[in-house]
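Architecture and fold: a report
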Amino acid sequence: MFYHDDELQFEVEVEEPNPQFAKMLQQAIGGVEGEMRVALQYMFQAFAIPAEKAEMRQFLMETATEELGHIEMLATAVSKNLEGASDEAREAAREDAVIDEMLRSGQPRQALSSGLHAMPVDSNGVPFSGNYVVASGNLAADMYANIMAESTGRLLATRLYEFTDDPGMKDMLEYLIARDTMHQNQWHAALEALGEHRPVPNSFDQEKENQEYNYTFMSTAREEREDPDQPWTQGDAPDGKGEFSYTPQQPGGGSPDLDEMIDEMYNEVN
């Protein structure tokens, strides 16, 4: 159950409304690096946590709920950048030929469908997809996915920061960047708290793996090359269970002999 407080998590002020920046902010809402992605990702990960791990479930749900607050902040920022933009600001955004084309071919739906407010889409107007969400049911795999999500989210926020001179937008983004820093670190801490977890999943008996190739870096270069002497071609593997090696060749499996199967399928259809 969720309860909504009619107050933003952090202040959102726009001194110089900018429709161009509103469009860019949409990526932080409905894009693959955006807040909708992490809010739903952490929520669906929490749904899979068994009852005996209640603390981990709460940990994920609290962060998911925080991300819902970030969506609200960004949606407010989009509205303020769109609704308050002067005619001069709208025309100034078109002075750059590239930006003019972006706006011209951009999101008319933001006016037609949402009345100059935020939408659950990315900066190109592509609707948010649940396919962005990673919730595997394996805690270690999910923590790695969360670190990646927060890393790309922080990267997006820092790029947005460089695209604006508006003090209010910079304040909001400084806050969001700070939270991305915390979230990256908390997922790293959660991984460490799991103890031995590599390779993921660590429940599979490694004796069943092909022992010849489970720690071998396999070069796929057309011309055979020598071992480049890199950390991933020699020395102990990070999981402490094997030692890296290098091969310039692949096992080889011959040509796929599918002619008979294809002929049979074709004759059945016809």
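- In the nomenclature of an unreviewed UniProt entry, the chain corresponds to Manganese catalase family protein from the organism Haloarcula saliterrae.
- Looking at the chain in UniProt, the text filed under Sequence similarities (unreviewed entry) is "Belongs to the manganese catalase family."

1. Side note on the pattern of salt bridges
- Summed over all chains, the structure comprises 3 salt bridges.
- The salt bridge partner of Glu-66 is Arg-179, with a shortest N-O separation of 2.6 Å. Of the two residues, Glu-66 is situated in helix H3 (residues 54–83) and Arg-179 in helix H8 (residues 167–193); the sequence distance between them amounts to 113 residues.
- A relative accessible area of 14% places Glu-66 in the buried class.
- Residue Arg-179 is classed as partly exposed on the basis of its relative accessible area, which comes to 24%.

2. Considerations on unusual backbone geometry
- Cis rather than trans, the peptide bond between Arg-198 and Pro-199 has omega equal to -10°.
- Position of Pro-199 among the secondary structure elements: in the loop between H8 and strand S1 (216–218).
- Looking along the chain, the bond that leaves Val-200 and enters Pro-201 is cis, with omega of -10°.
- Inspection of the secondary structure puts Pro-201 in the loop between H8 and S1.
- Even without a glycine there, the phi angle at Asp-229 is positive, about 55°.

Thresholds applied
- Residues numbered from 1 in each chain as written.
- Predicted model: local features only at pLDDT ≥ 70, side-chain atom pairs only at ≥ 80, totals over all residues.
- Heavy atoms only, no water.
- UniProt positions renumbered as here; feature names shortened; annotations may be inferred.
- Salt bridge = Lys/Arg side-chain N within 4 Å of Asp/Glu carboxyl O.
- Helix = DSSP H or I, 4+ residues; strand = E, 2+ residues; numbered from the N terminus.
- Buried < 20%, exposed > 50% of the residue type's maximum accessible area, 1.4 Å probe, protein only.

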